[in-house]
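Listed below, chain by chain, are the residues.
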Amino acid sequence: MSDDHKEPNYMAVWWGLLVLTIAEVAVGYLHFLPKAGMVISLVSMALAKAALVAIYFMHLKFEKRTLATVVIVPLILSAILFVILVPDATSPDRIQPPAPAAEPAGGHGEGGGGEHK
Amino acid sequence: MSSHAATVPASTSIESPLRITSGKLIMWFFLVSDAMSFAGLLAMYGVLRMGDPHWPNPQSKFDIPLTALNTFVLICSSLTMVKAFTAAKHGDGPGLQKWLLATMGGGAIFLGIQAYEWTHLITHGLSLHQPIGATFFILTGFHGFHVLSGVIYLTIIRFAARGGRYLGPDKSGPVEITGLYWHFVDLIWILVFTFVYLL
């Protein structure tokens, strides 16, 4: 509590978050980047914003390094688990979601329509 | 084991290796486990989305400018939350009350805009039967529930703070812990906003 660190410049952090948010919306909304560039820049800007919040607003910078380790390790493990899922999610052998069903013409109100195709 | 065991001083201090209060430590543990819940939900969303060639462009479904405004509201409420903690640390009672109220207001505005957004989307046919609807409602709903809990948490702290209970550098701990929760909710929204709305 009585940590003697000097107060970080919270306004500057707020400006940083604001500028990154505007940049994110610009990249995501205006589509001036190719798809891969858009994904990479959006993800890195989101992670930068999350890091700003954790480091300054949540005071991780002013805690002992051990706490930051305790916090970050499970998140890295989660990220690895997510990456492990990627090949399965994108492989051709995956369970395909049903294609959007074509509306049968004038077929509304017919219950149990799965019988006659 | 050691033959020198008897020489250990009786007053061995049992100090936390992290040098933080137990309240703060437990809040951090809760936040890490909560982050894992969100990681699971985000992974579910990622797998469903990457595996579905018919996934619609989110911008054709969601109102990006409105949600960007909501993101801005939540970032501002994080700033008012650190102002509240600073006021508590410096013994500024009226300031603490004022900034806590501003933070609660930010959370309430966020929830109001989200309620409007949900109503609009539901009346326009987005539902749990579509993968984009299911992942959207589950992710933003779980997050919105956190915001609601945060507003209730802030309300409780604000009423408990009357009478100067949390004023001063040694007593402002509960306000800092509330802030940890609130900033975490902001942090999660940053990720949800990017992955669900912008990507």
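Residues numbered from 1 in each chain as written. Chains lettered and ligands numbered in written order. Predicted model: local features only at pLDDT ≥ 70, side-chain atom pairs only at ≥ 80, totals over all residues.

Caption draft 1: Main features of the overall build of chain A. The secondary structure content of chain A amounts to 3 helices and 0 strands. Going from the N terminus to the C terminus, chain A shows its helices and strands as α-α-α. Buried residues in chain A amount to 15% of all 117 residues. (Helix = DSSP H or I, 4+ residues; strand = E, 2+ residues; numbered from the N terminus. Buried ≥ 20, exposed ≤ 12 C-beta atoms within 10 Å, placed from the backbone.)

Caption draft 2: Up close: the packing of helix 2 (residues 35-57) of chain A against helix 5 (residues 173-198) of chain B. For the pair helix 2 of chain A and helix 5 of chain B, interaxial distance at closest approach is 9 Å and the crossing angle is 175 degrees. On the basis of their axis angle, the class for helix 2 of chain A and helix 5 of chain B is roughly antiparallel. Of the residues in helix 5 of chain B, those in contact with Leu42, Ala46, Lys49, Ala50, Val53, Ala54 and Phe57 of chain A of helix 2 of chain A are His183, Asp186, Leu187, Ile190, Leu191, Thr194 and Leu198 of chain B. (Axes fitted to C-alpha atoms, helices over the stretch in contact; angles between N-to-C directions. Parallel < 35°, antiparallel > 145°, perpendicular 65-115°, else oblique. Contact = placed C-beta atoms within 7 Å.)

Caption draft 3: The arrangement of unusual backbone geometry in detail. Residues and elements named next belong to chain A. Its identity is not glycine, yet His31 carries a phi of approximately 55 degrees, on the positive side. Positive phi values are uncommon outside glycine, yet His59 reaches one of about 60 degrees. Checked against the element boundaries, His59 lands in the loop between helix 2 and helix 3 (65-90).

Caption draft 4: Structural detail: the environment of Leu67 of chain A. With respect to the helices and strands, the residue Leu67 of chain A is situated in helix 3. For the pair formed by Leu67 of chain A and Trp14 of chain A, sequence separation is 53 residues and the distance between their alpha carbons is 24 Å. The contact partners of Leu67 of chain A, leaving out residues within four places of it in the chain, are Leu60 of chain A together with Leu18, Ile20 and Trp28 of chain B.

Caption draft 5: A look at the nonpolar core. Membership of the largest hydrophobic core comes to 58 residues, with the highest contact counts inside it found for Val53 of chain A together with Ala84, Ala88, Leu96, Leu100, Leu180 and Ile190 of chain B. Elements with a minimum of two residues in this core: helix 1 (10-30) and helix 2 of chain A together with helix 1 (22-50), helix 2 (64-89), helix 3 (93-123), helix 4 (131-160) and helix 5 of chain B. By residue number, the principal contributor to this core is helix 5 of chain B, which donates 17 residues. Discounting chain neighbours no more than four positions away, the residues touching Leu180 of chain B are Met58 of chain A together with Met27, Trp28 and Leu31 of chain B. (Core = buried A, V, L, I, M, F, W, Y, C linked by C-beta atoms within 7 Å.)

Caption draft 6: Local environment of the interface of chain B and chain A. Each partner contributes residues to the interface: chain B has 41 residues there, and chain A has 39 residues. When residues of the side of chain B that touches chain A are traced back to their parent elements, those giving at least two are helix 1, helix 2 and helix 5 of chain B. A per-class count over the side of chain B that touches chain A returns 25 nonpolar, 12 polar and 4 charged. (Nonpolar A, V, L, I, M, F, W, Y, C, P; charged D, E, K, R; others polar.)

Caption draft 7: Seen up close, the confidence of the model for chain A. Summing up the model confidence of chain A, the mean pLDDT is 78 and the portion of residues at 70 or higher is 75%. Every residue in residues 106-117 of chain A scores below 50 in pLDDT, and together they form 1 contact with partners more than four places removed in sequence or on other chains. (pLDDT = per-residue confidence, 0-100.)

Caption draft 8: Layout of helix 2 of chain B. Here helix 2 of chain B spans 38 Å end to end across 26 residues, near enough to the 38 Å set by a 1.5 Å rise per residue. Two residues or fewer after helix 2 of chain B comes Gly91 of chain B, characterised by a positive phi angle close to 75 degrees. (Expected span 1.5 Å × (residues − 1).)

Caption draft 9: Focus on the environment of Ala51 of chain A. All names here are of chain A. With respect to the helices and strands, the residue Ala51 is situated in helix 2. In this structure Ala51 comes out as partly exposed when scored by C-beta crowding, with 13 C-beta atoms within 10 Å. Placed 26 residues apart in sequence, Ala51 and Val25 show a C-alpha to C-alpha distance of 18 Å.

Caption draft 10: Representation of the environment of Leu154 of chain B in the model. Residue and element names in this part refer to chain B. Looking at the secondary structure, you find Leu154 in helix 4. A count of 26 C-beta atoms within 10 Å places Leu154 in the buried class. With residues near it in sequence (within four places) discarded, Leu154 still touches Leu100, Thr103, Met104, Gly107 and Thr178.

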